[in-house]
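# Descriptive analysis of the structure
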Amino acid sequence: GDLCGRVEALLRDSLGTRPIELHIGKDGRLRCDPDKMTQVLVNLLSNGLEACGPNGRIGVDWVATPHGGELRVWDDGPGFVGEASRLFAPWYTTKPRGTGLGLPITHRLVRAHGWNVAGARRDSRTVFTVSVRSEDIVRDSVPPKQQPGPEARVA
């Protein structure tokens, strides 16, 4: 896919031989700024790679919902400690060499699209969910050329 392929190329050195596990269902085309969404995915997946270590798994899932869709970026690392909302505060970091700016930038880019992002621990995964509005999903029933605005495929 366009966005995930671009992100995978950018993260190739960090990924090593590991793949980004993709589970992209129907309606995986979004009306968005592809460069900004690439940055969002790079930030979230980079954090996941660092958290899960050299033998961990990371992935991107796309799920259509009644109100739009959810882009879920996950890793199987140990997770974060404390309140998830603090993760998006500038300068807050749990990493020895982190700047505390990656997630606040991600939050700003997601909000610029009119979307939301939240982090949570679910089962054995850390999941960052980007909630996408219905009007920003390009439905397969209408050819993409008839849709106004830029679009990018999640996968």
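If you're wondering where the values come from, they're calculated on a predicted model, not measured in any experiment.

Basis of the calculations
Residues numbered from 1 in each chain as written. Predicted model: local features only at pLDDT ≥ 70, side-chain atom pairs only at ≥ 80, totals over all residues. Heavy atoms only, no water. Helix = DSSP H or I, 4+ residues; strand = E, 2+ residues; numbered from the N terminus. Buried < 20%, exposed > 50% of the residue type's maximum accessible area, 1.4 Å probe, protein only. Contact = heavy atoms within 4.5 Å. Areas by Shrake-Rupley, 256 points an atom, 1.4 Å probe, with all protein chains shown as cover. Expected span 1.5 Å × (residues − 1). Polar contact = N/O pair within 3.5 Å; in protein donor to acceptor, adjacent residues only side chain to side chain. pLDDT = per-residue confidence, 0-100.

Take the overall build of the chain next. Looking only at helices and strands, the chain has four helices and eight strands in total. With 155 residues in all, the chain has 41% of them scored as buried. Here the analysis covers contacts within the chain between residues at least 6 apart in sequence; of these, 70% occur between residues at least 24 apart. In the structure as shown, the chain presents an accessible area of about 8,300 Å², 52% of it carried by carbon and sulfur atoms.

Over its 19 residues, helix α3 (residues 34–52) runs 26 Å from end to end, which matches the ideal 27 Å to within 8%, given 1.5 Å per residue. Turning to α3, its buried residues are Met37, Thr38, Val40, Leu41, Val42, Asn43, Leu44, Leu45, Gly48, Leu49 and Cys52. Sitting at the head of α3, Asp33 places a side-chain oxygen 2.9 Å from the backbone nitrogen of Asp35. Gly53, located one to two residues past α3, shows a positive phi value of around 75°.

Attention now goes to the confidence of the model for the chain. Within the chain, residue pLDDT values average 80, and 74% of them lie at 70 or more. Of all the helices and strands in the chain, strand β8 (residues 152–153) carries the lowest mean pLDDT, 56, while strand β6 (residues 125–133) carries the highest, 92.

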